[in-house]
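Notes for the structure review
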Amino acid sequence: MLTEEQISNLPVAPENSKAAAGKDTVLYVAETSDPIEWILVGGQKNVPISEKADSLDATDKSALYSIKVPGMHSWSIGYDGLWVKENKGVNILRTLFLSNKPALIRVEYADGSYRQGWASITAMSDSNDVAAIQTLKITFEGYGALSDMISTTIASIVTPTVS
């Protein structure tokens, strides 16, 4: 067995990777508005953000190839996770879904930076295969713009309380 001193003298690998582990990216939903209190949505496996622009055809008869230009922009998040019984975050989202109200959501990264915005919840579905763990899928579609990346070192809002 090593002593504390021997352990503290062991070599340490340099931290030079710019990569971030996906397991450290999490989704929160706002429970209150003043101040904003963020609640973790439980059971998360994946919360990819998708951003796109409509493709508009700007081709005229003189063109040999079609010409496409970007139109209106939109964003969505496809939550994929385990079904967690009595999870407060999921319960808030289900309530908002059933009442047709948008949710204020935040995707937060390991370094504390985040993106957030209002989103309509357009789908909620579970899977309960006999040979698998029960899962939940939720589709969020942007209700206005998604913020740019906000760093906690220069954040202009109050630091959220997460429970």
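Residues numbered from 1 in each chain as written. Predicted model: local features only at pLDDT ≥ 70, side-chain atom pairs only at ≥ 80, totals over all residues. Heavy atoms only, no water.

Some thoughts on the pattern of salt bridges
The tally for this structure, following the rule as stated, stands at 6 salt bridges. E31 serves as the salt-bridge partner of K88, at 3.0 Å between the closest nitrogen and oxygen. Of the two residues, K88 sits in helix α2 (residues 88-98) while E31 sits in strand β1 (residues 26-33), which places them 57 residues apart along the sequence. In this structure K88 comes out as partly exposed when scored by relative accessible area, which is 43%. Across the pair E108 and R106 runs a salt bridge, and its minimum N-O distance is 3.7 Å. Assigned by exposure class, E108 and R106 land together as buried. (Salt bridge = Lys/Arg side-chain N within 4 Å of Asp/Glu carboxyl O. Helix = DSSP H or I, 4+ residues; strand = E, 2+ residues; numbered from the N terminus. Buried < 20%, exposed > 50% of the residue type's maximum accessible area, 1.4 Å probe, protein only.)

Let's talk about unusual backbone geometry
Residues D34 and P35 are joined by a peptide bond in cis, for which omega reads 0°. Looking at where P35 falls in the secondary structure, it is placed in the loop between β1 and β2 (36-40). Look at E86: it is not a glycine, yet its phi comes out positive at around 55°. Residue position: E86 is located in the loop between β5 (68-82) and α2. Overall, the relative accessible area of 70% leaves E86 in the exposed class. Despite not being glycine, N100 has its phi angle at roughly 55°, a positive value. Among the structural elements, N100 can be located in the loop between α2 and β6 (103-108).

So, the nonpolar core
Formed by 22 residues in total, the largest nonpolar core has its most connected members in I105 and F140. Counting only elements with at least two residues in this core, the list comes to β1, β5, α2, β6, β7 (114-127) and β8 (135-142). (Core = buried A, V, L, I, M, F, W, Y, C linked by side-chain atoms within 4.5 Å.)

Section: the environment of Q44
In this fold, Q44 is placed in strand β3 (residues 44-46). In the structure, Q44 is positioned 37 residues away from G81 in sequence and 4.2 Å away in space, judged by C-alpha atoms. Apart from residues lying up to four places away in sequence, Q44 is in contact with T25, V26, L27, Y79, D80 and G81. Engagement of the side chain of Q44 in a polar contact is seen with the backbone oxygen of V41, the distance being 2.5 Å. (Contact = heavy atoms within 4.5 Å. Polar contact = N/O pair within 3.5 Å; in protein donor to acceptor, adjacent residues only side chain to side chain.)

Here we look at α2
Two residues of an α-helix separated by three or four positions point the same way, owing to the 3.6 residues in each turn. When α2 is considered as a whole, its buried residues turn out to be G89, V90, I92, L93 and L96. Projected down its long axis, α2 shows its buried positions confined to an angular sector of 160°, all on one face. With respect to the buried face of α2, the exposed residues turned more than 90 degrees away are T95 and L98. Summarising the contacts, the buried residues of α2 are in contact with β1, β2, β6, β7 and β8. Sitting at the head of α2, N87 places a side-chain oxygen 3.1 Å from the backbone nitrogen of G89. Positive backbone phi, at 55°, marks N100, one or two positions downstream of α2. (Arc of directions from axis to C-beta.)

Let's talk about the confidence of the model for the protein chain
Predicted confidence across the protein chain gives a mean pLDDT of 90, with 93% of residues reaching 70 or more. Low confidence marks residues 154-160, where pLDDT is under 50. Its contacts with residues over four positions away, or in another chain, come to 8 contacts. (pLDDT = per-residue confidence, 0-100.)

Some words on the environment of P70
In this fold, P70 is placed in strand β5. A residue is classified by how much of its surface remains accessible, and P70, at 60% relative accessible area, is exposed. Leaving out residues up to four positions away in the same chain, P70 has contacts with A53, D54 and L56.

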